[in-house]
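Close look at the chain arrangement
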Amino acid sequence: MRDFDEHNITAAVVERLADTSDPRLKQILTSLVHHLHAFARDARLSFTEWSYAIDFLTRTGHICSDKRQEFILLSDTLGLSMLVDAIDHPASAGATESTVLGPFYVTSAPELRLGSDISGGLRGEPLYVEGTVSSSDGRPLADAVVDTWHSDDEGFYDVQRPDLSTAALRGRFRTDANGRFYFWSIVPRFYPIPDDGPVGEMLKATARHPFRPAHVHFMISSRGHDTLVTHVFSADSPYLDSDAVFGVKNDLIREFTHEPPGTAPDGKIIEQPWRRLSYDFGLKQARAPAAHR
Ligand SMILES: [Fe+2]
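Attention in this report is confined to the structure presented alongside it. Within every chain, residues take consecutive numbers counted from 1 along the sequence as written. Local features in this predicted model are restricted to residues whose pLDDT is 70 or higher, and side-chain atom pairs enter the listing and the counts only when it is 80 or higher, whereas totals over whole chains, interfaces and linings include all residues. Here the side-chain values reflect all heavy atoms present in the structure, with hydrogen atoms and water set aside.

We now examine helix α4 (residues 70-77). Given 3.6 residues per helical turn, the α-helix brings residues three or four places apart onto the same face. Counting buried positions over the 8 residues of α4 gives 6, a clear majority of the element. Between buried and exposed lies partly exposed: a residue is buried under 20% and exposed over 50% of the maximum accessible area for its type, with that area taken using a 1.4 Å probe on protein chains only. Secondary structure elements are defined from DSSP: runs of H or I of at least 4 residues count as helices, runs of E of at least 2 residues count as strands, and each element is numbered from the N terminus. Within α4 the residues assigned to the buried category are Glu70, Leu73, Leu74, Ser75, Asp76 and Thr77. By definition in these notes, contact holds between two residues if any of their heavy atoms fall within 4.5 Å. Against the buried residues of α4 lie α3 (47-62), α5 (80-88) and α6 (198-205). We call two N or O atoms a polar contact when they sit within 3.5 Å, provided that within protein one can donate a hydrogen and the other can accept it, with sequence-adjacent residues counted only if both atoms are side-chain atoms. N-cap assignment for α4: the residue whose side-chain oxygen lies 3.0 Å from the backbone N of Phe71 is Gln69. Directly beyond the C-terminal end of α4, a positive phi value near 75° is found at Gly79.

In structure tokens:
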């Protein structure tokens with residue numbers, strides 16, 4: 001077939017996918033072609049605008065590194081990450097709600113003993129984080145892996161601070177026999193997502209601010225359960241209603257309570273006021289593997 005025009009090109013491209021052997025890949029690519037073409041028709045896209053988009057995506061790729069993931073930011077700020085999360089992780093009784101992974105997770109966080117301090121010597125208000133991990137039926141989960149990471153009291157993650165040579169404000173813990181975990185850190189601050197790249201250009205061009213409300217990230221896994229990726233947001237933070245990446249859910253907001261000097265729950269004597277974050281997480285039991293896999 002030749003002589004493709006605005007009206008027959010879409011069917012021709014879809015037809016070219018006919019021999020794709022993986023049925024799921026064929027379904028995804030067919031849908032992608034239909035929607036991309038529909039987008040170009042709907043927006044009446046000019047060649048100059050299409051070229052700009054190619055350049056924008058090229059620059060988005062070029063600014064990525066092992067410490068910066070601009071494509072995740074782009075997905076997050078367009079609401080696509082939360083849409084995929086909503087589709088793939090629907091709410092379920094007894095299970096904690098999920099939210100975006102974000103661009104600051106690293107796979108190499110140190111594994112630490114319960115009660116450790118992950119602040120890495122950074123200054124800030126002491127924060128005691130504690131909670132439990134249970135299955136959605138209420139059974140406590142021992143030996144669950146609790147991966148956590150958050151910003152400092154100026155709103156920066158360790159990977160954004162060139163003065164730090166080791167990990168800070170991140171760590172990996174295992175729950176005890178009763179499904180409990182606890183550790184010390186400092187209170188995180190709200191922060192702007194990195195806005196000196198293509199995503200920042202988009203935010204400025206659309207009169208959007210880049211801020212996220214203060215939160216602590218968690219990735220929690222346990223055998224026989226879906227891995228939970230979520231945050232707990234501080235109830236007194238600004239931007240809870242205008243998170244730049246659309247990640248806030250009411251059930252994920254908690255008071256980081258103000259506590260007086262004295263003996264902390266883990267027996268530590270603390271001579272200054274401190275804050276306490278408690279959250280009990282529920283993990284969804286894993287779905288049975290799909291029959292065709
Ligand atoms: Fe974050």
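Further remarks concern the environment of Ala43. Looking at the element boundaries, Ala43 is found in helix α2 (residues 23-43). The spacing of Ala43 and Thr60 is 17 residues in sequence and 22 Å in space, taken between C-alpha atoms.

Looking now at the pattern of salt bridges. For salt bridges, the criterion is a side-chain nitrogen of Lys or Arg within 4 Å of an Asp or Glu carboxyl oxygen. Counting across every chain of the model gives 19 salt bridges. Between Glu125 and Arg275 there is a salt bridge, with its nearest N and O atoms 3.3 Å apart. Of this pair, Glu125 sits in the loop between α5 and β1 (126-135) while Arg275 sits in strand β13 (residues 274-283), placing them 150 residues apart in sequence. Given a relative accessible area of 5%, Arg275 falls into the buried group.

Only rings of Phe, Tyr and Trp enter the pairing, Trp through its six-membered ring, and a pair is recorded when the two centres are within 6.5 Å. The plane angle decides the type: under 30 degrees is stacked, over 60 is edge-to-face, the rest tilted. Applying the stated criterion to the full structure yields 18 aromatic pairs. Seen from their ring centres, Phe218 and Phe281 are 4.8 Å apart, and the 55° between their planes marks the pair as tilted. Of this pair, Phe218 sits in strand β7 (residues 215-221) while Phe281 sits in strand β13, and the two are 63 residues apart along the sequence. Under the relative-accessibility criterion, Phe218 is labelled buried at 1%. Judged by its relative accessible area of 2%, Phe281 falls in the buried class. Following the ring pairs from residue to residue traces out a cluster consisting of Phe173, Phe181, Phe183, Phe218, Tyr279 and Phe281. The positively charged end of Arg189 is found above the aromatic ring belonging to Phe190, 4.3 Å away from the centroid. We note Lys268 situated over the ring of Trp184; from NZ or CZ to the ring centre the distance is 4.4 Å. Both a distance and an angle decide whether a charge sits over a ring: NZ of Lys or CZ of Arg must be within 6 Å of the ring centre and within 35 degrees of the ring normal.

Let us look at unusual backbone geometry. Despite not being glycine, Asp143 has its phi angle at roughly 65°, a positive value. Considering the arrangement of structural elements, one finds Asp143 in the loop between β1 and β2 (145-150). Asp143 gets classed as partly exposed once you look at its relative accessible area, which sits at 47%. You will see that Ala207, though not glycine, has its phi angle at about 55°, which is positive. As for its placement among the helices and strands, Ala207 is situated in the loop between α6 and β6 (211-212). What makes Ala207 exposed here is its relative accessible area of 75%.

On to the sheet that holds β13. Should DSSP find at least two bridges between two strands, the strands are regarded as paired. Strand order across the open sheet formed by 4 strands is β4-β1-β13-β10, with mixed pairing between neighbours. Looking at the sheet topology across the chains shown, the edges are occupied by β4 (180-186) and β10 (257-259). If you compare each strand with its neighbour and ignore which way they point, the axes differ by 25° on average. Examined bridge by bridge, β1 and β13 share 9 bridges and lie parallel to one another. Bridge pairing links Ser134 to Gly282 in β13. To define axes, lines are fitted to C-alpha atoms, for helices over the stretch in contact only, and angles between the resulting N-to-C directions are given on a 0 to 180 degree scale.

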